[in-house]
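Each chain, written out:
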Amino acid sequence: MNYRRLGKTGLMVSEIGLGGEWLERHNTQECAAVIRRAEELGINILDCWMAEPNVRSNIGKALAGHREKWYIQGHIGSTWQNGQYVRTRELGKVKEAFQDLLARLQTGYIDLGMIHFVDTEEDWEGAFHSPFLDYVRKLKESGVIRHIGMSTHNPAMARRAVESGLVEMLLFSVNPAFDLLPPTDDLNHYFAEEYQAELGGIDPERAALYRLCEGADVGLTVMKPYAGGRLFDEKRSPFGVALTPVQCIHYCLTRPAVAAVMAGYDTPEQVEAAVAYETALEEEKNYAEVLAGAPRHTFGRGECTYCGHCKPCPVDIDIAMVNKYYDLAVMQEEPPATVRAHYLALGHQAGECVGCQSCESRCPFGVEISRRMRETAKLFGR
């Protein structure tokens, strides 16, 4: 395993990390197996943004006796209310949730205290011009968090964080589907058949952000490196060709300021597939040939990555899982029986959606969730 310096934090983190999001759907033993294999292979950084109590407890049990081997990204502002995840800056709820995180992870400190999910001006004001920020500062001063970070999907908010001088590192969404846009705003060239040489079509705002972070010594850890798994499937990839975990990771690690790729894992075998990057040949890492001949770019806004930030739902629909089963179903002429069975086993189906669209205001990727709920209900009949 190679280790990289995480910007001005000075922490030497494994360039392959562990994003804990997918562990939420696994039991204690399965979580332990993933975390144990990650540790065996040299991974030493873990992100836990999830507020759900069971997954926090399962991670804590897996880390017991090994805490000193891990750097933890723990999020401030991710709370569990009435059985659902809620992002908030309400100080009483924030404090309660952060103390719960410490207790369930069985630790007295968090290495990277993440200001959770700042994607809009309203988010920025709520986090940086309120008692919420005073609380974060006090956590740092007392040593309960060792460094201040922030998570965002928005390059404009990331830039503000870097320029604030307060934030020492960022958790940011990086992958070629998010980064590579048509190289011009000229509609006559917007649907060019190929990207420019040497990835000249990268979104200038995102490219500038990476350079800014590098210059300011603000390290990046990466979320969504696989775009929710879409990049592994040629039918769902915007490039018309499937990428491998190694290629996706290599793309991320060749961006300026990136220190660790926080991939999600369901199984120990998926951990091994990511860590295979460390011994991969250069031709196995090469993503440029795939992207150089890629068709027009259609991915990014409007595509669900199953991140769960759309919660809470007033009727408790698991929106991310509904979207995942819908996407799996429409890849075939008829929804596979196993996909239909898993969908129908959900506690609440898409047909229960009341169309309030509150979830859409929280979605980082502009997904038209209400429309997708209607389409899913029609597809599955519920």
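Preceding this paragraph is the structure being described.
The present account deals with the structure reproduced in this document.

Rules used in this analysis
- Residues numbered from 1 in each chain as written.
- Predicted model: local features only at pLDDT ≥ 70, side-chain atom pairs only at ≥ 80, totals over all residues.
- Heavy atoms only, no water.
- Buried < 20%, exposed > 50% of the residue type's maximum accessible area, 1.4 Å probe, protein only.
- Helix = DSSP H or I, 4+ residues; strand = E, 2+ residues; numbered from the N terminus.
- Pairing = 2+ DSSP bridges.
- Right-handed = clockwise from strand over helix to strand, strands pointing away.
- Axes fitted to C-alpha atoms, helices over the stretch in contact; angles between N-to-C directions.
- Parallel < 35°, antiparallel > 145°, perpendicular 65-115°, else oblique.
- Left-handed = near helix turned anticlockwise from the far one by under 90°.
- Contact = heavy atoms within 4.5 Å.
- Nonpolar A, V, L, I, M, F, W, Y, C, P; charged D, E, K, R; others polar.
- Core = buried A, V, L, I, M, F, W, Y, C linked by side-chain atoms within 4.5 Å.

Overview of the pairing of strand β4 (residues 45-48)
Piece 1. Covered by surrounding structure in β4 are Ile45 and Asp47 together with Leu46 and Cys48, the residues of both alternating faces.
Piece 2. Two strands pair when backbone bridges link them, and strand β3 (residues 16-19) and β4 are joined in this way by two bridges, in the parallel orientation. When the sheet's bridge partners are listed, Gly19 is paired in β4 with Asp47.
Piece 3. Once the chain exits β3 it traverses helix α1 (residues 28-40) before rejoining the sheet at β4, and the crossover so formed is right-handed.
Piece 4. Crossover handedness for the path β4 to helix α2 (residues 53-63) to strand β5 (residues 71-76): right-handed.

Section: the packing of α1 against helix α10 (residues 268-275)
Piece 1. The geometry of α1 relative to α10 is characterised by a closest axis approach of 8 Å and an angle of 25° between their N-to-C directions. Here α10 runs roughly parallel to α1, going by the angle between their axes. Read as a crossing pair, α1 and α10 show a hand that is right-handed. Contact residues: α1 offers Ala33, Val34, Arg37 and Ala38, while α10 offers Pro268, Val271 and Glu272.

Observations regarding the packing of α2 against helix α3 (residues 91-104)
Describing two packed helices takes the angle between their axes plus the distance from one axis to the other.
Piece 1. Direction vectors running N to C along α2 and α3 enclose 35°, while the axes themselves pass 8 Å from each other. Across the interface between the two elements, Pro53, Arg56, Ser57 and Gly60 from α2 touch Ala97, Asp100, Leu101 and Arg104 from α3.
Piece 2. For the contact of α2 with α3, the residue count by class is three nonpolar, two polar and three charged.

Topic: the environment of Met321
Piece 1. Take Met321: it is sitting in helix α13 (residues 319-330).
Piece 2. With a relative accessible area of 17%, Met321 lands in the buried category.
Piece 3. For Met321 and Tyr306, which are 15 residues apart along the polypeptide, the C-alpha to C-alpha distance reads 6.9 Å.
Piece 4. Those residues in contact with Met321 that lie beyond four places of it in its chain are Arg25 and Leu346.

Digging into the environment of Glu30
Piece 1. Inspection of the secondary structure puts Glu30 in helix α1.
Piece 2. Given the relative accessible area of 38%, Glu30 is considered partly exposed.
Piece 3. Each C-alpha atom of the pair Glu30 and Pro268 lies 8.8 Å from the other, and the pair is 238 residues apart in sequence.

Structural notes on the nonpolar core
Piece 1. If you look at the biggest cluster of nonpolar residues, it comprises 86 residues, and the most contacted ones within it are Leu18, Ile59, Phe98, Ile115 and Leu170.
Piece 2. Ranked by residue count, the leading element in this core is helix α9 (residues 245-253), at six residues.
Piece 3. Filtering out sequence-adjacent residues up to four positions away, Leu170 remains in contact with Met150, Ala158, Ala161, Val162, Cys213, Val218, Gly219, Leu220 and Thr221.
Piece 4. Formed by 25 residues, the second largest nonpolar core is a distinct cluster that contains Cys304, Val322, Ala329 and Val367.

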